[in-house]
Amino acid sequence: MTTVTTPANFTELGLIPTLLARLTELKYQQPTPIQAQAMPSVLAGRDLIAGANTGSGKTATFALPILQHLFMQQQAEKPLHSKSSKGNYVTGLILVPTRELAKQVADSIKSYAVHFNGVIKTVAVFGGVSANTQMLALRGGTDILVATPGRLLDLISSNAIKLDRVKTLVLDEADRMLSLGFTDELSALLALLPSSKQTLLFSATFPEQVQALTQELLNDPVEIQVQSSDASTLVQRVFTVNKGEKTALLAHLIKQHQWRQALIFVNAKKSCEHLAEKLSKRGISAEVFHGDKGQGARTRVLAAFKSGEIEVLIATDIAARGLDIEKLPVVINFDLPRSPSDYMHRIGRSGRAGEVGLALSLIDVEDYHHFKVIEKKNKVRLEREQVAGFEADDSILAAEKPMAKPEGSGKKKRKQKTTINADIWSGYSEAE
Ligand code: AMP
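Residues numbered from 1 in each chain as written. Predicted model: local features only at pLDDT ≥ 70, side-chain atom pairs only at ≥ 80, totals over all residues. Heavy atoms only, no water.

Enquirer: Could you give an account of the pairing of strand β4 (residues 142-147), naming the residues involved and the relevant values?
Expert: Counting buried residues along β4, six of its six residues qualify, which places the element largely inside the surrounding structure. Of the strand pairs in this sheet, strand β2 (residues 90-95) and β4 are connected by five bridges, and their pairing is parallel. If you follow Leu 93 over to β4, its bridge partner there is Leu 145. Bridge count between strand β3 (residues 122-125) and β4: four bridges; the pairing is parallel. Counted as the bridge partner of Ala 124 is Val 146 from β4. This β-α-β element, β3 to helix α5 (residues 131-138) to β4, shows right-handed connectivity. (Buried < 20%, exposed > 50% of the residue type's maximum accessible area, 1.4 Å probe, protein only. Helix = DSSP H or I, 4+ residues; strand = E, 2+ residues; numbered from the N terminus. Pairing = 2+ DSSP bridges. Right-handed = clockwise from strand over helix to strand, strands pointing away.)

Enquirer: Run through the sheet that holds strand β10 (residues 287-289), naming residues and quoting values.
Expert: Ordered in space as β10-β11-β9-β12-β13-β8-β14, the seven strands form an open sheet in which the pairing is parallel. Every interior strand has two partners, whereas the edge strands, β10 and β14 (384-385), have only one. Strand direction decides the pairing type here: strand β8 (residues 234-240) and β14, joined by two bridges, are parallel. Bridge pairing in β14 places Phe 239 opposite Glu 385. The strands touched by helix α10 (residues 246-257) within the sheet are β8, β9 (262-265), β11 (312-315), β12 (330-333) and β13 (357-363), with β13 carrying the most contacts at an inclination of about 155°. Strands β9, β10 and β11 of the sheet are contacted by helix α12 (residues 295-307), whose axis makes an angle of about 125° with β10. (Contact = heavy atoms within 4.5 Å. Axes fitted to C-alpha atoms, helices over the stretch in contact; angles between N-to-C directions.)

Enquirer: I'd like a rundown of the pairing of strand β5 (residues 168-171), residues and numbers included.
Expert: Because side chains alternate across β5, one face comprises the buried residues Thr 168 and Val 170, and the other comprises Leu 169 and Leu 171, equally buried. Where β2 meets β5, four bridges bridge the pair, whose relative direction is parallel. Bridge pairing in β5 links Ile 94 to Val 170. Both β5 and strand β6 (residues 198-203) contribute to a ladder of four bridges, which runs parallel. Its bridge partner being in β6, Leu 169 is matched across the sheet by Thr 199.

Enquirer: So what about the packing of aromatic side chains? Which residues, and what values?
Expert: Evaluation of the coordinates by the stated rule reveals five aromatic pairs. Through a chain of ring-to-ring contacts, the aromatic side chains of Phe 10, Tyr 28 and Tyr 112 assemble into a single cluster. Directly above the aromatic system of Tyr 89 lies the positively charged group of Arg 165, at a separation of 3.7 Å from the ring centroid. Note that Lys 246 overlies the ring of Phe 334, its terminal NZ or CZ placed 5.6 Å from the centroid. (Phe/Tyr/Trp six-rings, centres within 6.5 Å; stacked < 30°, edge-to-face > 60°. Lys NZ or Arg CZ within 6 Å of the ring centre and 35° of its normal.)

Enquirer: Go over helix α1 (residues 17-25), please, and point to the residues and values.
Expert: All buried positions along α1 are accounted for by Leu 19, Leu 20, Arg 22 and Leu 23. Around the axis of α1, the buried residues are gathered within 160° of arc, so they sit on the same side. Away from its buried face, by an angle of more than 90 degrees, α1 presents the exposed residues Pro 17 and Thr 24. Contact partners of the buried residues in α1: α3 (58-77) and α4 (99-112). Downstream of α1 by one or two residues, Lys 27 has phi in the positive range, about 65°. (Arc of directions from axis to C-beta.)

Enquirer: Which residues make up the nonpolar core, and what values do they have?
Expert: Core analysis: the largest hydrophobic core is formed by 44 residues, its most contacted members being Leu 15, Leu 48, Phe 62, Ile 94, Ile 144 and Val 146. Listed by contribution, the elements that provide at least two residues to this core are α1, α2 (33-43), β1 (48-51), α3, α4, β4, β6 and β7 (222-225). A per-element tally of this core places α3 first, with eight residues. Beyond its immediate chain neighbours, meaning those up to four positions away, Val 146 contacts Ile 94, Val 96, Ala 102, Val 105, Ala 106, Ile 109, Thr 122, Val 123, Ala 124 and Val 125. (Core = buried A, V, L, I, M, F, W, Y, C linked by side-chain atoms within 4.5 Å.)

Enquirer: Before we move on, can you summarise α3 with the specific residues and values?
Expert: For α3, built from 20 residues, the straight-helix expectation of 28 Å at 1.5 Å per residue is met to within 8% by its first-to-last C-alpha distance of 29 Å. For α3, the buried fraction is high: 14 of the 20 residues fall into the buried class. (Expected span 1.5 Å × (residues − 1).)

Enquirer: An account of the confidence of the model for the chain is needed here, citing residue identities and associated values.
Expert: With 83% of its residues at a pLDDT of 70 or more, the chain shows a mean pLDDT of 83. Of all the helices and strands in the chain, helix α16 (residues 428-431) carries the lowest mean pLDDT, 23, while β5 carries the highest, 98. Note that residues 1-5 has pLDDT below 50 and, in this model, ten contacts with residues that lie over four places away or in other chains. (pLDDT = per-residue confidence, 0-100.)

Enquirer: Got a sec to walk through the environment of Leu 93? Specific residues and values, please.
Expert: Along the chain, Leu 93 turns up in strand β2. The spacing of Leu 93 and Arg 165 is 72 residues in sequence and 9.9 Å in space, taken between C-alpha atoms. When neighbours within four sequence positions are excluded, Leu 93 is seen to be in contact with Leu 145, Leu 152, Leu 163, Val 166, Thr 168, Leu 169, Val 170 and Leu 193.

Enquirer: Please set out the sheet that holds β5 residue by residue, giving values where relevant.
Expert: If you trace the seven strands from one edge of the open sheet to the other, you get β3-β4-β2-β5-β6-β1-β7, paired in parallel fashion. Two strands lie at the open edges of the sheet, namely β3 and β7, each paired on one side alone. Averaged over all pairs of adjacent strands, the angle between their axes in this sheet comes to 15°, without regard to strand direction. Taken together, the four bridges between β1 and β7 define a ladder with parallel strand orientation. Counterpart to Ile 49 in the pairing with β7 is Glu 223. This element, α5, spans β3 and β4 of the sheet and lies at about 160° to β3.

Enquirer: Lay out the pattern of salt bridges with the relevant residues and their values.
Expert: When the charged atoms of two side chains lie near each other, side chains of opposite charge can form a pair. Taken as a whole, this structure holds 13 salt bridges when the rule is applied. Arg 346 is the salt-bridge partner of Asp 317, the closest N and O atoms lying 2.8 Å from each other. Within this pair, whereas Asp 317 is found in the loop between β11 and β12, its partner Arg 346 is found in helix α13 (residues 340-347), the two being separated by 29 residues in sequence. A single burial state applies to Asp 317 and to Arg 346, both of which are buried. Put simply, Glu 375 and Arg 381 hold a salt bridge, and the shortest N to O gap is 2.9 Å. Here Glu 375 matches Arg 381 in class, with each residue buried. (Salt bridge = Lys/Arg side-chain N within 4 Å of Asp/Glu carboxyl O.)

Here you go:
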């Protein structure tokens, strides 16, 4: 692990005045821990492995240095080439796992670059929409390309873009990219990149596959793990409820708490629609967000949710990663996520950028054991709570008992109540 100094303000990071002015406009008062720790090394051209979640400020950590390098390079070249020609090439390549993240990252970059008067071109490409518009956008090349792996390969095979001149490669949410099955696409893309380049890898977790990738790709990287205390304040609670009464409890909670907005996770696309219908019968209007929706509809729903127009959004895990929805007050697990890491990603949608957030899980007797696994993997143990009028019957207490085990392997029942609001991030990367 390389020791790095941690500047306390943006001016000490080595950013140029144009970018500093933009950060002031965006009301970024001081660097987040990952920005303070990583940005000087990234600006100096070092490779980086960063253990960081969305919400940590990681986009600016890679975007600002890339923009700064590109801008300074273009300024230096200006007298020689009055009209810059980028051919079919890209200089800064950012690979992301999902369409939404591609759009979001590209939007952030464009926003950081507003005072560059259009000299830095940024394009986002992703599947699910026509490739033609993206091909047109790539005409004449681009300075920065934010892409999902599959669509990028398609565009390369149509000669719309070439990777030979990439100077900086960013792998954003590397764990998610691999868990979504992009391994082959990623290998194919990496083979097309020049061997000499700067590589920045961001991942919330470091399972074996990601570790293998870091070993293969990175050259003497600076390693940074955003510490638990750096995460935003997120309170986790779990409510036990009888089977079949979750919808009633959910409706009760929404009405009682009057949250400004709520993001509710379910496990299947159909469940989104079912739950929306059931809530609507109880007088709560909700929109849905899942993979069967066309890209246009997904973009519209997300924009409406971000702007606060939609108050209750029911989504599958497609919304769990990377989406930056400002200050979401509550995330509710109506269905438990399949994996402990999905749990972390879901609840990370709330309490972002230092805001206090709330993550609620509604569990019935069938969820009980699975929730314990999620807790164990994430090294947290939450008090089981009951909501007045929705108390679970005794079957849930029976579920607290250990699962039936082969003779001789019986363990003592674990104490039920422990800490509430535990530090959810501690040990997270080890838990994966
Ligand atoms: P990210 O982790 O990159 O998705 O960023 C999460 C959110 O934090 C985004 O809305 C950013 O605009 C915001 N953000 C990033 N860096 C800072 C900062 N230094 N100060 C305030 N907000 C920030």
